[in-house]
Amino acid sequence: MSRNVRKQNNSMGYQLPYRTLEIVDLSDMKIYALICAYQIIFVPCIVLGYVGFDCMFVNLSIQVIAQFAILSYKVKAVLNSSENYKEGMKELILRHYRLIRLTEELENNFNFPIMQQLMGSSMHICISGYYVLTSIAAQFWPQLCKDHLLAWQIDERADQFPYPLIALF
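These numbers were taken from a predicted model, which means no experiment stands behind them. Every residue gets a number counted from 1 within its own chain, in the order that chain's sequence is written. Only residues with pLDDT of 70 or above have their local features reported here, since the model is predicted, and side-chain atom pairs are shown and tallied only from 80 upward, although totals for entire chains, interfaces and linings are computed over all residues. The side-chain values count all of the structure's non-hydrogen atoms but skip hydrogen atoms and water molecules.

Some thoughts on helix α2 (residues 29-80)
Rule in force here: By definition, any uninterrupted DSSP run of H or I lasting at least four residues is a helix, any uninterrupted run of E lasting at least two residues is a strand, and each is numbered from the N terminus. What a helix should span is 1.5 Å times the count of its residues minus one. Buried means the residue's accessible area, taken with a 1.4 Å probe over protein chains only, is under 20% of the maximum for its type, while exposed means over 50%, and partly exposed covers the values in between.
If you check α2, its first and last C-alpha atoms are 76 Å apart, about what 52 residues at 1.5 Å a residue would give, namely 76 Å. Along α2, the residues classified as buried are Tyr-32, Cys-36, Gln-39, Val-64, Leu-71 and Val-78.

Side note on the packing of aromatic side chains
This is how the line gets drawn: Think of it this way: a Phe, Tyr or Trp ring, Trp meaning its six-membered ring, pairs with another when their centres are within 6.5 Å, and the plane angle makes it stacked under 30 degrees, edge-to-face over 60, tilted otherwise.
Per the stated rule, a full pass over the model turns up three aromatic pairs. The interplanar angle of 10 degrees and the centroid separation of 5.1 Å between the aromatic rings of Tyr-38 and Phe-42 together place this pair among those described as stacked. Here Phe-42 and Tyr-38 lie together in helix α2, a separation of four residues that amounts to about one turn. Summarising the aromatic geometry, the rings of Phe-53 and Phe-110 are spaced 5.6 Å apart at their centres and angled 45 degrees between planes, so their arrangement reads as tilted.

Here's the deal with the UniProt feature "transmembrane region" (unreviewed entry) in the protein chain
Test applied: UniProt positions are given in the numbering used here, feature names are shortened, and annotations may be inferred rather than shown by experiment.
Per the UniProt entry, the sites bearing "transmembrane region" (unreviewed entry) are residues 31-53 in this numbering. Helix makes up 100% of residues 31-53 and strand 0%, and the two end C-alpha atoms of the span are 33 Å apart.

Shown next, in the form of structure tokens:
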């Protein structure tokens, strides 16, 4: 009985930092503190995990691009100088081969995780867009219907709808 009295007397209540489904009763201060700590730690870890993976992939890709740019510069330098032409080109061909293997390894290792993130982000954007559109429609649909019904009643000619494009359908 004292629990119900506390619940009724607590007008402010406990509110979590992030909006989630409340599985347990948040009237207990210990449970509330544990769930708050969990949310405060867990959500940034998830976000940083996604961002960290993307940053690592971008960093490795930029490294490979920079290595190809350096290789291109060295090829131009070897082609412009006539001394040790064969030896220099042999070394550059081996370096080019290693860079191609590194690029293939990056592609093989990051192909599936990048696809997962792309599909997940696409689904998240689609679901968020659907949520926004349905909330906008739910907010404005009653007013829109009311306006159309009012326009229908105001129109003096009952056989012609006041909006000609809609009358075609």
